[in-house]
Amino acid sequence: MKFSKLSMIAGFIIAFTLIFELTAHADEDNQMTRISFSEAVQVPGRVLPAGTYQFLLASSDSNRNIVQIFNADGAKLYATVQTIPAERKRETDGISVTLAQRPDGQPDALVSWFYPGNGTGHEFLYSKQEEKELTQDVKQTLVGDHGIMVSSDANGAGN
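Before going into details, it helps to say that this report is about the structure given with it.

Criteria and cut-off values
- Residues numbered from 1 in each chain as written.
- Predicted model: local features only at pLDDT ≥ 70, side-chain atom pairs only at ≥ 80, totals over all residues.
- Heavy atoms only, no water.
- Helix = DSSP H or I, 4+ residues; strand = E, 2+ residues; numbered from the N terminus.
- Buried < 20%, exposed > 50% of the residue type's maximum accessible area, 1.4 Å probe, protein only.
- Contact = heavy atoms within 4.5 Å.
- Phe/Tyr/Trp six-rings, centres within 6.5 Å; stacked < 30°, edge-to-face > 60°.
- Core = buried A, V, L, I, M, F, W, Y, C linked by side-chain atoms within 4.5 Å.
- Polar contact = N/O pair within 3.5 Å; in protein donor to acceptor, adjacent residues only side chain to side chain.
- Salt bridge = Lys/Arg side-chain N within 4 Å of Asp/Glu carboxyl O.

1. Some remarks on the overall build of the protein chain
Tallying secondary structure elements over the protein chain gives two helices and 11 strands in all. Its helices and strands taken in sequence order, the protein chain reads α-β-β-β-β-β-β-β-β-β-α-β-β from the N to the C terminus. In the protein chain, which comprises 159 residues, the proportion classed as buried is 36%. Summarising the internal contacts of the protein chain: among those between residues at least 6 apart in sequence, 53% fall at separations of at least 24.

2. A closer look at unusual backbone geometry
A positive phi angle, close to 55°, is found at Q31, a residue other than glycine. Its place among the elements puts Q31 in the loop between α1 (5-30) and β1 (33-37). Despite not being glycine, D104 shows a phi value in the positive range, around 55°. Tracing the chain through its elements places D104 in the loop between β7 (95-101) and β8 (108-114). On the basis of relative accessibility, which here comes to 73%, the residue D104 falls in the exposed class.

3. Some points on the packing of aromatic side chains
All told, the structure shown has four aromatic pairs when counted by the stated rule. Judged by centre distance (6.2 Å) and plane angle (45°), the ring pair of F37 and Y53 falls under tilted. Taken together, the positions of F37 in strand β1 and Y53 in strand β4 (residues 51-57) put the pair 16 residues apart, joining distant regions of the chain. Geometrically, the ring pair formed by Y53 and Y78 is edge-to-face, given 5.4 Å between the ring centres and 80° between the ring planes. With Y53 in strand β4 and Y78 in strand β6 (residues 77-87), the pair connects residues that are 25 residues apart, well separated along the chain. Under the relative-accessibility criterion, Y53 is labelled buried at 3%. Counting every residue linked through ring pairs, the aromatic cluster contains F37, Y53, F55, Y78 and W113.

4. As for the nonpolar core
With 24 residues, the main nonpolar core has F55, V67, I69, V97, L110, W113 and F124 as its most contacted residues. Those elements that place two or more of their residues in this core are β1, β2 (41-43), β4, β5 (66-71), β6, β7 and β8.

5. Overview of the side chain of R88
Within the secondary structure, R88 sits in the loop between β6 and β7. A polar contact is formed between the side chain of R88 and the backbone oxygen of N118, at a distance of 2.7 Å. If we ignore the near neighbours within four places in the chain, the residues touching R88 are S96, F114, Y115, G117, N118 and G119.

6. Some details on the pattern of salt bridges
Taken as a whole and judged by the stated rule, the model has two salt bridges. The residue R102 makes a salt bridge to E133 at a minimum N-O spacing of 2.8 Å. Of this pair, R102 sits in the loop between β7 and β8 while E133 sits in helix α2 (residues 128-136), and the two are 31 residues apart along the sequence. The partner of R102 in a salt bridge is D137, with the nearest N and O atoms 2.7 Å apart. In this pair, R102 sits in the loop between β7 and β8 while D137 sits in the loop between α2 and β10 (138-144), placing the two residues 35 residues apart along the sequence. In this structure R102 comes out as buried when scored by relative accessible area, which is 10%. Residues participating in the shared-partner salt-bridge network are R102, E133 and D137.

Below you can see the structure in the form of structure tokens.
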């Protein structure tokens, strides 16, 4: 059977389109998000130094509430944390993170993370004592694009 050049080109275009479509859906499935912090940030069980991190859902069909935090290029796993679903009143086009501003020079604590366009996000689970403290702290929600940059000034207010 002989294929024409046009058939081969059409086949490559279709194959490329399918591969690209699967890649795009992979980001939606694992909600891979790159977040940069200009200062240290607390997540359950760990303090992340200032830097860029990849947040994504663990590969689990049965539990969509496990978030893995990797370094910027995804080569080193820093933390695997349990979350619970969190609802918000309105969806945003950008990534949304909520930080609790901690007293006494402690790093801000990451409270929740929402993937763009989703009304349901991920609320991070802390110990009962930490949870009690976090409920008393001032919260700040920041919204940005896929490369959200979270920074704080000397007063602890984000931008």
